[in-house]
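As a plain string of letters, each chain reads:
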Amino acid sequence: MVQFHENIITDLLEDPQGGLVILSAGLGLHKLIAALLHLHHPSQGSLLILSAFPSQKTSIIQNYENTLSSSQTPSEITSDLPAHHRLSLYSSGGIFFITTRILIVDLLARRLPTTAVAGIILLNAHSLSDTSTEAFIVRILRSSNRALFVRAFSDRPHAMVSGFAKAERTLKCLFLRKLHLWPRFQVYVSQDLERNPPEVVDIRVPMSPYMIGIQKAVIEVMDACLKEMRKTNKVDVEDLTVENGLFKSFDEIVRRQLDPIWHTLGKKTKQLVSDLKTLRKLLDYLVRYDAVTYLKYLDSLRASESFRSVWIFAESSYKIFDLAKKRVFRFGRLDGGKYVGQSKTTATKKRKLEDSNSEKEVVVGASADNGAVLQEVLEEPPKWKVLLDILQEIQEERQRKSLSGEELITEDCAYDNGIVLVACKDEHSCMQLEDCINKGSHKVMQEEWKKYLLSKVELRALPKCNKKKAKEPKGFGILDGVIPSASGQKAEISSISRLEHEALLAAASEINKQTEKNNAAEDELQTCEGSEGHKRARRKGKNKKTLVKPGKSDKKSARKSKSEACSSEDDDQKNQCTSTAAGGLIEQPNEVTSSKKWLLQKHCQGFDAEQPIKNKQFPPVHFHPLDTDQHILDILQPSVIVVYHPDMVFVRQIEIYKAENPSKVIKVYFLFYEESTEVQKFEASIRRENGAFESLIRQKSMMMIPVDHDISLALDSSAEPQSIIAQNLITRKAGGRKEVDKETQVIVDMREFMSSLPNVLHQKGMRIVPVTLEVGDYILSPLICVERKSIQDLFGSFASGRLYHQVEMMARYYRIPVLLIEFSQDKSFSFQSASDIGDDVTPNNIISKLSLLALHFPRLRIVWSRSLHATAEIFASLKANQDEPDEAKAIRVGVPSEEGIVENDVRAENYNTAAVEFLRRLPGVTDSNYRAIMDACNSLAELALVPVERLVDLMGGHKAAKSLRDFLDAKYPTLI
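Overview of the structure. Here the structure is a predicted model, which means the values were calculated and not measured. Every chain's residues receive numbers from 1 upward, in the order its sequence appears when written. For this predicted model, a pLDDT threshold of at least 70 governs which residues receive local features, and a threshold of 80 or more governs which side-chain atom pairs are given and counted, while totals over whole chains, interfaces and linings are taken from all residues. Calculated side-chain values reflect all of the structure's heavy atoms, with hydrogen atoms and water omitted.

**Section: the overall build of the protein chain**
Item 1. Put simply, DSSP marks the helices as runs of H or I at least four residues long and the strands as runs of E at least two long, and each gets a number from the N terminus on. Within the protein chain, the secondary structure is distributed over 36 helices and 25 strands.
Item 2. Between buried and exposed lies partly exposed: a residue is buried under 20% and exposed over 50% of the maximum accessible area for its type, with that area taken using a 1.4 Å probe on protein chains only. Sorting the 976 residues of the protein chain into buried and exposed places 44% on the buried side.
Item 3. The contacts of the protein chain with a sequence gap of at least 6 include a subset with a gap of at least 24, amounting to 74%.
Item 4. Only the protein chains shown count as cover for residues, and the accessible areas themselves come from Shrake-Rupley with a 1.4 Å probe. When the accessible surface of the protein chain is totalled, it reaches about 53400 Å², and 52% of it is carbon and sulfur. Two residues qualify as a contact provided that any one of their heavy atoms is within 4.5 Å of a heavy atom in the partner residue.

Below you can see the structure in the form of structure tokens.
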């Protein structure tokens, strides 16, 4: 443990009530929590850990078990455990990870003795609010256990400054008074981390010209989109900068400002918000992935967003697609044996061969006078070569030290395991770099290129719907793939994009045929080996002097012939590379037939391109994806770390690792793309965190937390003003005597505790009864059942048909079924803008679906709520002059009976639902008269004997009665 962790624990233990700790990201929060857990003793009571992510849970348990040998290991309480087992665990005094839903249900059901809980540790405190379940739990526990301590932690300082006084409101909802701030620039932290810093090598890798052009074009398009956003006057201008647009939190900032007025925005403004997110991904993927993967992502964007997005039609957007293509392939024509590309400057192509020191100019040629050529480029990421050079340098340095016989290496041999850790952003990058080391960078690019081409074939093989005739292109220039003809030249009828697509498909089909041919050759070889082995096995009884096993000589000969074929094929390829340009896909007119013939020539960088990779020796390398949030440094204990994708959190973890191991020699390589958004984003993340801590320091100096901040006052704050008003209103009745408040209760389904509404209802003074309900979400009275739907859940329930079944069950068992549609307080109180609401009923429109639902269930009441607090007010008004719901009766609703039909029960068996549905479908029976028919007739057989005069009285009209009687008396048709 580092020293400043001990200082944090000391500050926390000074206040018995606990405190809120906000520290910089990557400073070992899991180690701090594990050290706090070691201070807990079972005699104090149980210690509950809330809101822990799975990765955080795993890291805390690993550090707790590795630090000290303790028999008490933190365990997890899940819903699979029965209630009596959970009660025994609560009383055991152990350390438990538990979800908020299980804990709040056990608290409300009084299964958890509050005095048995010593304290609560809350992680991710930046996600808390006044209506969160964590605040609900703390309020209930503090009301009955004043000795309870609450220690909350957060390593997201920028999230604690979003909104108005977020840190102060978090302290109030947790009933805390102490705020502890530990930034990276704090004195104790900087002293511990800078006492023995690791050896750092900062390598700035220059980007290729195409990458620089793409980055510049994306930034220009992003700036253009931000200018369009500023014209709306709906967003704060200070937040609309390109630097803020590099972070994911930018989307949250924009949406938080636009959500309340989202229904008033136009389609263009809504699309701009989505386009900014796409452009940020384009910048991130440019420095993260290879050229082929980047082009594949751009193709998917063009296919999915070509008609909706705004950024594609920006002035500089065509450069993104054009330069991304040039990183992978070039498309042009042959004019008299010379290559003529789309630009006049790329007439020839130079390639340095490995076997010669001089550069040889290789020109694309073809037998046709005028053909189309697809030339492979396959630009490798510049970081790949630098990474291979670093690994080779590390291995050479270790070999040089081992040969020189240094004693320090032999002494530290047990301490230094020789592992080189390479940290990448995601799993895809790790796998690709591993293949690059094992196979070579050129082969990895070839495999990605083949996957790209085969995806084109698979996309073409998908069934296509009949499309209408294409209209005239609305774009211009390269956006439509049409090259405008210069003056004096004949206009070309064919489109460049169509020819490119045909060339790609031809190349893909050629690769597909070659793959099938190789597979067939391998299968034929295996069958030949099997048949020959079978013959030798039959001959084995006649000749027992054979020393070679059956099939072995054939395998050797097959391998020999295969190697000879490969060598001859390599020679042919070498001659082809020296005579004609590699990578040309040539369209030649066939003399026999009039159809087009494409010739595919693979791109090669010399016949000895892969030989240096095989001869190179690399140290043992472990690739670690940073997005998994796993703390791998203490497990692997590497001596050399290569930060392939710079990340601020991982840099802090390296500093903590070095501070805990001051005698270990650690060397860190940082790979940055020079003058890229990668450097800008890394530096901006540090500035943003420092700015957040400076804001928190100012807030702490002006924060107003009352000294006598008591839980009892907080619980009575909402009820006290109402009691004074009620007392003043009834001063003439009994001398202003205060009425005895009637305790109201609401039966809530267990699954509803994922939302914050039970917390708000409890703040309103209602008693919450958690049970498992088969029908409805909230039972307000014996007559009122409420099904609550958020906006997202409403759309999903309509799509799956679940809502129809839920409303049908409520209408069957309760007299007043209610569908509550609850909106979020910080979003617009509208489904869609008024211009989007059509006149006709359409199956895809949410308003049409609600109208059909209301028509099908006339007794259904639809209630619209603006927020959680508005819902609590609506529930209070609905419960006025209503009886309290019966818990036992509400549990039995909709549950099949096992012991038979019980009198005066509301179970499903008491109602012949099939007969009721049949009655409602008879002619003349409507929603207004079917209940009168059911009261007068005990069965359908009795209904068939009722005379017409009686039916007129029951059905409210002679026409309806006659139609029913004619239907019942109609003769059954026969086949004779």
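**A look at the nonpolar core**
Item 1. In this text, buried Ala, Val, Leu, Ile, Met, Phe, Trp, Tyr and Cys residues form a nonpolar core when linked through side-chain atoms within 4.5 Å. Membership of the largest hydrophobic core comes to 75 residues, with the highest contact counts inside it found for Met229, Tyr294, Trp311 and Ile320.
Item 2. By residue number, the principal contributor to this core is helix H9 (residues 209-231), which donates 10 residues.
Item 3. Setting aside anything within four residues of it in sequence, one finds Ile320 in contact with Ile214, Ala217, Val218, Val221, Tyr294, Leu298 and Trp311.
Item 4. Formed by 62 residues, the second largest nonpolar core is a distinct cluster that contains Leu122, Phe136, Val748 and Val786.

**Digging into the pairing of strand S4 (residues 95-98)**
Item 1. Residues Ile95 and Phe97 point to one face of S4 and Phe96 and Ile98 to the other, with burial holding for every one of them.
Item 2. Two strands make a pair as long as DSSP finds a minimum of two bridges between them. Bridge analysis of strand S2 (residues 46-50) against S4 gives three bridges, and the strand direction is parallel. Its bridge partner lying in S4, Ile49 is registered against Phe97.
Item 3. Of the strand pairs in this sheet, strand S3 (residues 75-77) and S4 are connected by three bridges, and their pairing is parallel.

**Structural notes on the pattern of salt bridges**
Item 1. What counts as a salt bridge is simple: a side-chain nitrogen of Lys or Arg found within 4 Å of a carboxyl oxygen of Asp or Glu. Here the structure, examined in full by the defined rule, presents 32 salt bridges.
Item 2. For Glu228, the salt bridge identified is with Lys268, shortest N-O distance 3.2 Å. Taken together, the residues span a long stretch of sequence, with Glu228 in helix H9 and Lys268 in helix H11 (residues 267-288) at a distance of 40 residues.
Item 3. Overall, the relative accessible area of 45% leaves Lys268 in the partly exposed class.

**Some details on the pairing of strand S18 (residues 640-643)**
Item 1. A two-sided burial pattern is seen for S18, the buried positions comprising Val640 and Val642 on one face and Ile641 and Val643 on the other.
Item 2. Pairing between strand S14 (residues 420-424) and S18: four bridges, direction parallel. The residue bridging Val422 from the neighbouring strand is Val642, located in S18.
Item 3. Here S18 pairs with strand S19 (residues 667-673) via four bridges, running parallel. Paired with Ile641 across the strands is Val668, a residue of S19.

**Considering H9**
Item 1. Helix span, expected: 1.5 Å multiplied by one less than the number of residues in the helix. Taking 1.5 Å as the rise per residue, H9 with 23 residues should run 33 Å; its terminal C-alpha atoms sit 33 Å apart, in good agreement.
Item 2. Taken together, the buried positions of H9 are occupied by Tyr210, Met211, Ile214, Gln215, Ala217, Val218, Val221, Met222, Cys225, Leu226 and Met229.
Item 3. Remark: Asn233 follows H9 within two positions and exhibits a positive phi of approximately 60°.

**Describing the side chain of Thr677**
Item 1. Counting through the fold element by element, Thr677 comes out in helix H23 (residues 677-702).
Item 2. A relative accessible area of 6% means that Thr677 is categorised as buried.
Item 3. In this view, Thr677 contacts Gln215, Ile219, Leu246 and Leu283; residues no more than four positions away in its chain are not counted.

**Here's the deal with the environment of Ala423**
Item 1. Among the structural elements, Ala423 can be located in strand S14.
Item 2. Classification of Ala423 by relative accessible area gives buried; the value is 0%.
Item 3. A C-alpha to C-alpha distance of 8.5 Å links Ala423 and Phe650, two positions 227 residues apart in sequence.
Item 4. Once residues lying within four places of it in the same chain are set aside, the contact partners of Ala423 are His624, Leu626, Val642, Val643, Tyr644, His645 and Phe650.

**Some details on the sheet that holds strand S20 (residues 745-749)**
In a beta sheet, neighbouring strands are held together by backbone hydrogen bonds and run either parallel or antiparallel to one another.
Item 1. In spatial order, the strands read S21-S20-S22-S23-S24-S25; together these six strands make up an open sheet with mixed pairing. The open sheet has two edge strands with one neighbour each: strand S21 (767-771) and strand S25 (861-865).
Item 2. By the bridge criterion, five bridges tie S20 to S21 in an arrangement that is parallel. Bridge pairing links Val748 to Pro770 in S21.
Item 3. Helix H27 (residues 791-800) rests against strand S23 (784-790) and strand S24 (816-822) of the sheet, and its axis sits at about 100° to S23. In this description, a line fitted to the C-alpha atoms serves as the axis of each element, helices being fitted only across the stretch in contact, and the angle between N-to-C directions of two axes falls anywhere from 0 to 180 degrees.

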